[in-house]
There are 4 protein chains.
Amino acid sequence: MISKVNDSVYLDKVLPAENGRRLLINGTQVGAGSFTLIAGPCAVESAIQLEAVAKLLHSLGAHFLRGGAYKPRTSPHSFQGLALEGLKLLRQMGDKYSLNVVTEVIDVESLPQVAEYADVLQVGARNMQNFSLLRALGQCRKPVLLKRGFAATIDEWLGAADYIATGGNDKIILCERGIRTFSQATRNTLDLASAVVARNMTSFPVIADPSHGTGHWELINPMVKASLAAGLDGVMVEIHPQPEKALSDGRQSLTLPHYSTLQYEISELAPAFGKQIN
Amino acid sequence: MISKVNDSVYLDKVLPAENGRRLLINGTQVGAGSFTLIAGPCAVESAIQLEAVAKLLHSLGAHFLRGGAYKPRTSPHSFQGLALEGLKLLRQMGDKYSLNVVTEVIDVESLPQVAEYADVLQVGARNMQNFSLLRALGQCRKPVLLKRGFAATIDEWLGAADYIATGGNDKIILCERGIRTFSQATRNTLDLASAVVARNMTSFPVIADPSHGTGHWELINPMVKASLAAGLDGVMVEIHPQPEKALSDGRQSLTLPHYSTLQYEISELAPAFGKQIN
Amino acid sequence: MISKVNDSVYLDKVLPAENGRRLLINGTQVGAGSFTLIAGPCAVESAIQLEAVAKLLHSLGAHFLRGGAYKPRTSPHSFQGLALEGLKLLRQMGDKYSLNVVTEVIDVESLPQVAEYADVLQVGARNMQNFSLLRALGQCRKPVLLKRGFAATIDEWLGAADYIATGGNDKIILCERGIRTFSQATRNTLDLASAVVARNMTSFPVIADPSHGTGHWELINPMVKASLAAGLDGVMVEIHPQPEKALSDGRQSLTLPHYSTLQYEISELAPAFGKQIN
Amino acid sequence: MISKVNDSVYLDKVLPAENGRRLLINGTQVGAGSFTLIAGPCAVESAIQLEAVAKLLHSLGAHFLRGGAYKPRTSPHSFQGLALEGLKLLRQMGDKYSLNVVTEVIDVESLPQVAEYADVLQVGARNMQNFSLLRALGQCRKPVLLKRGFAATIDEWLGAADYIATGGNDKIILCERGIRTFSQATRNTLDLASAVVARNMTSFPVIADPSHGTGHWELINPMVKASLAAGLDGVMVEIHPQPEKALSDGRQSLTLPHYSTLQYEISELAPAFGKQIN
């Protein structure tokens with residue numbers, strides 16, 4: 001018998017999804033018994049770079065390729081991504097290697113174009129409360145991967161999801177990517193417990209992004225395992241054939257051999273947590 | 001071959017322990033291949049309360065009983081713990097049920113008394129930079145469980161450990177217990193990635209405290225599993241026969257049946273991570 | 001003679017404005033020797049409400065009326081503002097009472113409409129890194145009031161200003177409105193020292209928003225004075241004829257009598273800091 | 001008439017002082033109509049250094065000399081202060097130049113010694129919840145300057161003051177010295193609004209420490225003025241004859257000429273805020 005103090009306080013907000021915590025993306029399941037692995041470079045840089053990654057993912061039996069074509073950057077003078085050329089490369093590699101393409105959409109204007117090439121539309125942390133974009137995504141048929149803002153409360157995160165769901169699109173994946181705190185040992189503080197809270201309060205799959213969440217490639221492997229163990233529905237990680245030459249985020253990118261090892265380890269561990277990787 | 005960007009940045013501070021990451025506490029190993037479980041009430045309240053907990057832990061084959069006899073409280077008008085009476089109860093139950101006693105020492109004055117009754121001396125988050133206390137613990141033979149301050153950087157945490165180690169006592173267990181952030185979904189933000197960083201930078205065992213780290217009993221089970229998966233050396237959790245009647249921290253305490261389930265699950269999962277519980 | 005340690009570290013980023021730290025908005029100076037007072041309700045609610053405010057401001061000789069017509073809200077189910085009707089009311093009262101209208105623009109789509117009615121275009125904290133909006137504002141001739149994101153670093157804030165300036169619009173006013181911290185005594189933590197840093201690093205006027213910065217009407221008066229004393233170029237405050245009936249932010253709104261007193265006090269104090277209110 | 005929403009929420013905790021917000025320290029008033037200036041080096045380093053500072057303060061008509069004899073440091077291998085020799089130098093210069101000595105007490109053990117030499121006993125941020133030390137200070141007749149912990153809530157800060165007051169010593173000065181936040185533009189974030197809240201909730205004088213609060217000497221002058229304007233009762237600032245050679249905190253120390261200018265400016269401004277410096 002569970003005592004009164006142990007009743008959940010997290011019952012006041014339940015956001016719906018079509019079929020419980022389960023999405024089907026071109027036949028691949030996210031949520032339910034799946035632990036979803038999404039991997040790829042921070043930014044699409046070239047056909048050679050992207051193909052090296054896509055080929056590896058295909059050989060490992062992975063289903064999702066991520067990569068940024070439009071990069072929101074702090075300074076207007078930084079590399080802003082390959083734009084349409086990047087989208088085309090993503091689609092080409094996605095088709096060639098049977099991978100779902102996950103890429104960021106940064107504004108309403110480019111949404112139709114991105115939606116044409118991508119399988120999953122990512123909303124970045126900075127845009128989590130770009131309500132016009134969220135409303136436009138509510139009109140869209142494609143699944144949305146909604147990152148938590150780096151200083152967003154759970155209410156604000158779920159409120160953002162609600163903008164999309166209210167618009168008519170409940171194919172939403174929530175993604176915790178680290179919050180800003182005083183701590184400087186890691187780039188951000190990966191807030192796994194709050195991700196669990198968000199998962200308890202909704203029926204959306206919730207994944208973590210340990211690359212942005214920690215900023216150090218050495219911490220990705222342990223934090224992916226921790227995400228699995230905490231009951232999350234997957235992870236998104238940055239990988240790069242040559243992290244030391246990456247145009248962005250090299251410090252937090254796994255090499256391809258490191259990623260292969262990681263995926264193997266997770267595939268072995270997942271069943272103990274009632275999950276299968278995909 | 002690992003590329004240059006992937007070299008560790010965490011090599012500038014290596015704090016030593018006698019035999020690598022391994023302590024022996026009355027024959028029970030902490031660190032190395034062990035995943036240590038420390039459980040007990042926030043505060044020792046009565047013989048009945050404590051014996052219920054100790055009996056359960058003994059029946060589960062556990063080795064560590066925690067409980068507060070001296071409670072540092074925000075207000076001078078709050079319950080401050082049973083003091084010497086609490087220490088005696090802890091020792092009595094520890095002896096009766098073959099459990100190591102872990103309890104907090106809050107000042108230099110009471111250190112000799114606490115050291116007489118306890119097997120492991122806990123330094124709380126508020127005292128992490130009480131340098132006089134740390135120096136006195138350096139003169140002590142008993143192992144020290146050093147909690148990270150709720151706004152301490154890793155450098156400050158390891159600096160605090162260094163005060164103890166420099167004094168001559170390298171039997172130190174580091175404990176991450178959550179940091180203060182803007183986020184209010186949890187009482188604190190459990191910073192598992194930084195705990196991994198601290199572990200990489202020292203040869204001390206590092207454990208987590210998901211009770212204080214989250215403040216919600218529902219989050220303890222997933223966060224204990226996450227701590228195991230992240231490679232930490234153990235956890236400390238608050239349990240209580242009747243959380244709804246606890247004098248402090250009932251909200252974040254597991255019931256005894258919940259704890260039994262948790263310990264069983266961890267014992268089943270640990271081998272997959274190269275660990276055995278103890 | 002000033003010693004070496006006292007050389008400024010803040011010289012690596014100097015963002016330009018047309019005529020030094022000085023804007024002319026329909027003949028009213030912002031920056032230079034001016035301490036600008038911008039006041040009005042959080043949201044435009046009705047003609048009666050807005051006229052009460054505008055009439056008071058006019059009688060006090062004030063030059064700026066703020067008010068929200070488009071309200072970005074955490075939940076899609078909250079009051080979202082009067083939209084076009086609100087803009088028209090603002091323009092009407094601005095014209096009738098000779099006040100410049102400051103109002104928020106929340107997306108690229110509505111920018112042309114807002115720019116038609118407003119004298120100053122406000123970018124809210126949530127949109128500080130909505131780069132598409134910033135780029136569109138760079139094409140605009142109207143002055144922009146750019147709020148700091150509630151978890152934005154100074155580099156990110158100035159980077160956002162750079163998106164506007166690089167686009168060709170250097171009529172920018174920066175506004176510190178409080179950051180998110182662990183502290184819950186105030187709604188946000190008004191970071192006056194960082195506002196001073198931003199002012200030292202650019203030639204834009206920098207103002208503070210103590211209403212959002214503290215969340216408590218009692219703290220507005222002291223924080224407006226502190227902003228003046230710290231050398232900032234003005235403040236924006238929320239006022240309401242009946243704060244207890246406000247549709248949003250009543251808790252942090254001054255009554256009209258309180259605002260009258262505040263403006264009088266600031267007008268008396270400003271000369272001691274080399275400023276005149278306007 | 002003030003509407004209901006404008007009633008203060010800050011009435012639930014009123015901590016007392018003997019004569020309202022007014023202390024007399026060897027004839028010098030703190031609180032009431034006084035704006036108290038406390039200045040001196042971070043650490044006492046030598047007789048030459050300290051005398052240069054004391055001589056200046058005397059010539060300016062100042063009443064308080066601060067300086068650290070016992071320095072709590074992150075690492076046990078850093079300079080820990082001159083200890084007793086430092087206390088003696090402080091007393092000597094205090095007597096020679098008619099200045100009250102403000103210095104930190106770091107533990108119960110050294111309290112009697114520090115109390116013998118000092119006029120005001122400072123509790124540092126790290127020790128704010130060292131309850132044994134607070135209780136010992138409650139037994140003391142000397143005034144206590146209690147710094148806010150760098151991650152302490154207002155409740156915790158006032159709770160700490162309550163430990164001292166409950167012990168029988170209500171001669172307490174509260175000091176806000178900056179909190180830890182994500183923001184790295186300043187060393188800490190000086191939380192002036194919370195200092196005002198603490199002042200509204202108690203009858204203790206409340207001062208600010210812009211040296212630790214910002215970490216940059218350039219920001220001290222504006223933040224001292226802001227503290228005056230916000231209604232605080234004084235400031236404590238670090239000054240050094242040669243900041244570039246300081247053993248600690250040189251970056252945040254004013255030169256003596258800078259301090260002279262600052263004190264002059266504050267003496268001119270204070271009457272406009274109903275205060276006189278002392």
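Residues numbered from 1 in each chain as written. Chains lettered and ligands numbered in written order. Predicted model: local features only at pLDDT ≥ 70, side-chain atom pairs only at ≥ 80, totals over all residues. Heavy atoms only, no water.

With that out of the way, let us pick up the overall build of chain A. In terms of helices and strands, chain A carries nine helices and 11 strands. Considering only C-alpha atoms, chain A reaches an extent of 60 × 40 × 40 Å along its principal axes. Within chain A, the proportion of its 278 residues that are buried is 68%. By sequence separation, contacts in chain A at least 24 residues apart represent 70% of the contacts at least 6 residues apart. Here chain A displays about 8900 Å² of accessible surface, and carbon together with sulfur accounts for 52% of that area. The averaged location of the 26 negative side-chain charges in chain A is 1 Å from the averaged location of its 26 positive side-chain charges. (Helix = DSSP H or I, 4+ residues; strand = E, 2+ residues; numbered from the N terminus. Buried < 20%, exposed > 50% of the residue type's maximum accessible area, 1.4 Å probe, protein only. Contact = heavy atoms within 4.5 Å. Areas by Shrake-Rupley, 256 points an atom, 1.4 Å probe, with all protein chains shown as cover. Lys, Arg positive; Asp, Glu negative; His and termini not counted. Charge placed at Lys NZ, Arg CZ, Asp CG, Glu CD.)

All right, on to the relation of the copies chain D and chain C then. Turning chain D through 180° and shifting it by 0.0 Å along the axis lays it on chain C, with an RMSD of 0.0 Å. Here the symmetry operator amounts to a two-fold rotation axis. Nearest to the rotation axis, the C-alpha of Ala226(D) is located 2.0 Å from it, this being the minimum over chain D. Mapped onto chain C, 100% of the interface residues of chain D are again interface residues, and the two copies thus contact each other with one and the same surface. (Least-squares fit on C-alpha atoms with pLDDT ≥ 70 in both.)

Turning next to the pattern of salt bridges. Close approach of charged atoms lets side chains of opposite charge pair. All names here are of chain A. Throughout the structure, instances matching the rule amount to 48 salt bridges over all chains. Across the salt bridge formed by Asp 191 and Arg 148, the nearest N and O atoms sit 3.0 Å from each other. Of this pair, Asp 191 sits in the loop between β8 (172-176) and α6 (192-201) while Arg 148 sits in the loop between β7 (144-147) and α5 (154-166); the two residues are 43 residues apart in sequence, bridging distant segments of the chain. Asp 249 is paired through a salt bridge with Arg 187; the nearest N and O atoms lie 3.1 Å apart. Of the two residues, Asp 249 sits in the loop between β10 (234-238) and α9 (256-269) while Arg 187 sits in the loop between β8 and α6, which places them 62 residues apart along the sequence. Among the residues examined, Asp 249 registers a relative accessible area of 19% and is labelled buried. Overall, the relative accessible area of 47% leaves Arg 187 in the partly exposed class. (Salt bridge = Lys/Arg side-chain N within 4 Å of Asp/Glu carboxyl O.)

Glancing now at the environment of Gly31(A). Residues and elements named next belong to chain A. Relative to the helices and strands, Gly 31 resides in strand β2 (residues 28-31). By relative accessible area, which is 0% here, Gly 31 ends up buried. Spatially, the C-alpha atom of Gly 31 lies 18 Å from that of Gln 263, the residues being 232 residues apart in sequence. If near-sequence neighbours (up to four positions away) are discounted, Gly 31 is found in contact with Arg 21, Thr 36, Pro 205 and Asp 233.

In this complex, chain B contributes 51 residues to the contact, which on the side of chain A involves 51 residues. Linking chain B with chain A are zero salt bridges, by the criterion used here. On inspection of chain B and its partner chain A, the count reaches zero residue pairs in polar contact (both at pLDDT 80 or more). Those elements that provide at least two residues to the side of chain B that touches chain A are α6 (192-201), α8 (220-229) and α9 (256-269) of chain B. Take the side of chain B that touches chain A: its biggest share by element is six residues, from α6(B). (Polar contact = N/O pair within 3.5 Å; in protein donor to acceptor, adjacent residues only side chain to side chain.)

What follows deals with the interface of chain D and chain C. Taken together, the 51 residues of chain D in the interface contact 51 residues of chain C. Here chain D and chain C share zero salt bridges between them. The tally of links from chain D across to chain C stands at zero residue pairs in polar contact (both at pLDDT 80 or more). Residue assignment for the side of chain D that touches chain C shows that the elements contributing at least two residues are α6 (192-201), α8 (220-229) and α9 (256-269) of chain D. If you tally residues by element for the side of chain D that touches chain C, the top one is α6(D), at six residues. For the side of chain D that touches chain C, the per-class residue count stands at 27 nonpolar, 16 polar and eight charged. (Nonpolar A, V, L, I, M, F, W, Y, C, P; charged D, E, K, R; others polar.)

Before going further, it helps to examine the confidence of the model for chain A. All names here are of chain A. Of all residues in chain A, 93% attain a pLDDT of 70 or more, and the chain-wide mean is 93. Predicted confidence is poor over residues 1-12, with pLDDT under 50, and the contacts of this stretch with residues over four places away or in other chains come to 30 contacts. Interface scoring of the predicted complex returns ipTM 0.94; its pTM is 0.94. (pLDDT = per-residue confidence, 0-100.)

Here we take up the packing of aromatic side chains. All names here are of chain C. With the rule as written, the count across this model stands at six aromatic pairs over all chains. Look at Phe 131 and Tyr 163: their rings are 4.4 Å apart centre to centre, the planes differ by 25°, and that puts the pair in the stacked class. Of the two residues, Phe 131 sits in helix α4 (residues 131-138) while Tyr 163 sits in helix α5 (residues 154-166), which places them 32 residues apart along the sequence. As far as burial versus exposure is concerned, Phe 131 and Tyr 163 are alike and both buried. (Phe/Tyr/Trp six-rings, centres within 6.5 Å; stacked < 30°, edge-to-face > 60°.)

This part takes up the side chain of Asn127(B). Residue and element names in this part refer to chain B. Here Asn 127 shows up in the loop between β6 (120-123) and α4 (131-138). A residue is classified by how much of its surface remains accessible, and Asn 127, at 4% relative accessible area, is buried. Excluding residues that lie within four positions of it along the chain, Asn 127 makes contacts with Val 105, Ile 106 and Leu 133.

Expressed as a screw operation, the relation of chain B to chain A combines 0.0 Å of axial shift with a rotation of 180°, fitting to an RMSD of 0.0 Å. The share of interface residues of chain B whose copies in chain A are also at the interface is 100%, consistent with both copies meeting through the same surface.

Turning our eyes to something else, we now look at the packing of helix α1 (residues 47-59) of chain D against helix α2 (residues 84-96) of chain D. All names here are of chain D. Following both chains from N to C, one finds α1 and α2 inclined at 30°, their axes separated by 10 Å at the closest point. Between α1 and α2, the angle is such that the two are roughly parallel. Considering how the two elements wind past one another, α1 and α2 form a crossing that is right-handed. The segment α1 lies against α2, with Ala 47, Leu 50, Glu 51 and Ala 54 engaging Leu 89, Leu 90, Met 93 and Lys 96. (Axes fitted to C-alpha atoms, helices over the stretch in contact; angles between N-to-C directions. Parallel < 35°, antiparallel > 145°, perpendicular 65-115°, else oblique. Left-handed = near helix turned anticlockwise from the far one by under 90°.)

Residues and elements named next belong to chain D. As enumerated under the stated definition, the model contains zero disulfides over all chains in all. Unpaired in this structure, Cys 140 has its nearest cysteine sulfur neighbour in Cys 175, at a distance of 19 Å. Exposure remark for Cys 140: the relative accessible area of 13% places this residue in the buried category. We note that Cys 175 lacks a disulfide partner, and the nearest cysteine sulfur, in Cys 42, lies 13 Å from it. (Disulfide = S-S within 2.5 Å.)

The next thing to look at is helix α2 (residues 84-96) of chain B. All names here are of chain B. Taking 1.5 Å per residue, 13 residues should reach 18 Å; α2 reaches 18 Å between its end C-alpha atoms and fits that length. Those residues of α2 not exposed but buried are Gly 86, Leu 87, Leu 89, Leu 90, Arg 91, Met 93 and Gly 94. Along its buried surface, α2 packs onto α1 (47-59), β4 (64-66), β5 (100-104) and α3 (111-117). One or two steps after α2, the chain reaches Ser 98, where phi turns positive at roughly 55°. (Expected span 1.5 Å × (residues − 1).)

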